[in-house]
Structure formats: C-alpha cells, structure tokens
Amino acid sequence: LMIILGLDPGLERTGYGVIEKRLRSKLNCLAYGRITTLRAESKPERLLFLEKELMAILKRYQPDVAAVESLFFFKNLKTVMPVSEARGVILLTLARRKIPIYEFSPLQVKMAIAGYGRAEKKQVARMVKEILSLSEIPKPDDAADGLGMAIACSLTQRPA
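Reading guide: rules and limits
Residues numbered from 1 in each chain as written. Predicted model: local features only at pLDDT ≥ 70, side-chain atom pairs only at ≥ 80, totals over all residues. Heavy atoms only, no water. Disulfide = S-S within 2.5 Å. Buried < 20%, exposed > 50% of the residue type's maximum accessible area, 1.4 Å probe, protein only. Pairing = 2+ DSSP bridges. Helix = DSSP H or I, 4+ residues; strand = E, 2+ residues; numbered from the N terminus. Axes fitted to C-alpha atoms, helices over the stretch in contact; angles between N-to-C directions. Contact = heavy atoms within 4.5 Å. Core = buried A, V, L, I, M, F, W, Y, C linked by side-chain atoms within 4.5 Å. Polar contact = N/O pair within 3.5 Å; in protein donor to acceptor, adjacent residues only side chain to side chain.

### Notes on the state of the cysteines
As used here, a disulfide is simply a covalent bond connecting the sulfur atoms of two cysteines.
Right, so step 1: Counted according to the given criterion, the structure contains zero disulfides.
Right, so step 2: Its sulfur unpaired, Cys-29 is 15 Å from the next cysteine sulfur, which belongs to Cys-153.
Right, so step 3: We classify Cys-153 as buried; its relative accessible area is 0%.

### Notes on the sheet that holds strand 1 (residues 2-8)
Right, so step 1: The five strands lie next to each other as 3-2-1-4-5, forming an open sheet whose pairing is mixed. Either end of the sheet is taken by a strand with one partner, and the two such strands are strand 3 (27-36) and strand 5 (101-104). Strand-to-strand twist of the sheet, defined as the mean angle between neighbouring strand axes without regard to direction, takes the value 20 degrees.
Right, so step 2: One ladder, built from nine bridges, connects strand 2 (residues 13-21) with strand 3; its direction is antiparallel. Residue Tyr-16 lies in a different strand from strand 3, and its bridge partner there is Gly-33.
Right, so step 3: Here helix 2 (residues 77-96) sits on the sheet and contacts strand 1, strand 2, strand 4 (65-69) and strand 5; the angle it forms with strand 4, its principal contact strand, is near 170 degrees.

### Description of the side chain of Ser-105
Right, so step 1: Within the secondary structure layout, Ser-105 lies in the loop between strand 5 and helix 3 (106-114).
Right, so step 2: Among residues more than four places away in sequence, those in contact with Ser-105 are Ser-70 and Phe-72.

### A short note on the nonpolar core
Right, so step 1: Grouped together as the largest cluster of nonpolar side chains are 21 residues, with contacts concentrated most on Leu-5, Leu-7, Tyr-16, Val-18, Ile-57, Ile-90 and Leu-94.
Right, so step 2: Ranked by residue count, the leading element in this core is helix 1 (residues 43-61), at six residues.
Right, so step 3: Each residue touching Val-18, except ones within four places of it in the same chain, is listed here: Ile-3, Ile-4, Leu-5, Asn-28, Cys-29, Leu-30, Ala-31, Ile-57, Tyr-61 and Leu-147.

### Notes on the environment of Ser-84
Right, so step 1: Take Ser-84: it is sitting in helix 2.
Right, so step 2: On the basis of relative accessible area, Ser-84 is assigned to the partly exposed category, the value being 28%.
Right, so step 3: As for Ser-84 and Glu-12, which are separated by 72 residues in sequence, their C-alpha atoms are 12 Å apart.
Right, so step 4: Within the local environment of Ser-84, its side chain forms a polar contact with the backbone oxygen of Val-80, the two atoms lying 2.8 Å apart.

### A closer look at the pairing of strand 1
Right, so step 1: Judged by how many residues are buried, strand 1 sits mostly within the fold: seven of seven residues are covered.
Right, so step 2: Burial of the side chains of strand 1 extends over both faces: Met-2, Ile-4, Gly-6 and Asp-8 are buried on one face and Ile-3, Leu-5 and Leu-7 on the other.
Right, so step 3: Both strand 1 and strand 2 contribute to a ladder of seven bridges, which runs antiparallel. When the bridges of strand 2 are listed, Gly-6 appears paired with Gly-17.
Right, so step 4: The turn joining strand 1 and strand 2, which pair antiparallel and follow one another in sequence, is formed by four residues.
Right, so step 5: In terms of strand pairing, strand 1 meets strand 4 through four bridges, oriented parallel. Bridge pairing links Ile-4 to Val-65 in strand 4.

What follows is the structure, encoded as structure tokens:
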C-alpha cells in the first residue's frame, strides 16, 4: 500500500489529490480539493497559510511520496513568480517531513493519463474520473490537476 499526494502549485490556488495505490496497481481516491489563499492578505501571510494547510493534509493522509508540477515553461512572467514562491513553500514543507518528491511537467501528466501530450484539460479530467472510478469529474480544475499528478506518479512507483 502506498499513499501518493499530487500537488498543482499556485499562490492563489493550489490543487491537491490524494490517492492510494495497492498491489496490482489498483488506485483509490482518498481526497481532493484546493487550498485557496486570500488576495487581501500579504504574500508572506498567503505563503504561511499555504504551508499550514499543506501540513494539515500531510498529517491527515501521511503520504509516502508527493508529486509536484514542475515549472518548465511559462509565457507570463507575472504568474511564474507567485507560482515559484508557492512551489518553494511546498517543496520545503515536503522536505521537512522527509517525503520523497517527484516532479512532472503538464506534458508528462497528459501523456501518462490520456496517452497524448496535447490532451485538453477536459479530456484529462475525464480520464482522471475513469481511472479512479469516481462518480463525477473532480472539481475544481486545480483538484483534478492534483489527482492527475498523483496518478502520473503512481505509474512510476511500486507499493512497499
């Protein structure tokens, strides 16, 4: 049995998904959602809130490994900085708990889940629903992305 946490980092919205991988590769969804910080707060307060919420998720689900979206290419410099800062907090929080971290690009996740690197978000979300036998497509999108990260990671990991 292995518990995998997938994270789609952002300062305003960080999506997460927690799955359980059993022997014979059966995947179960344990939880998914999003950590949302308040725009009215200062950036340091928002990053602190992100860390606190992530710690609560780590305590609750005790993941064996974590998958975090890598920043490989960004068109917009305004969005890359806050995402990078959120990723820094996430990586630090996971490292403090000694949780092994695997990084995947959006392309790698799309390939792993849909078998196609140019798959649209909707296609990927539909596949996440199918792979995890969920009754509906996970909402919001950030949460579906977090689950996608966890599924991509599950394909590279063997339960102990």
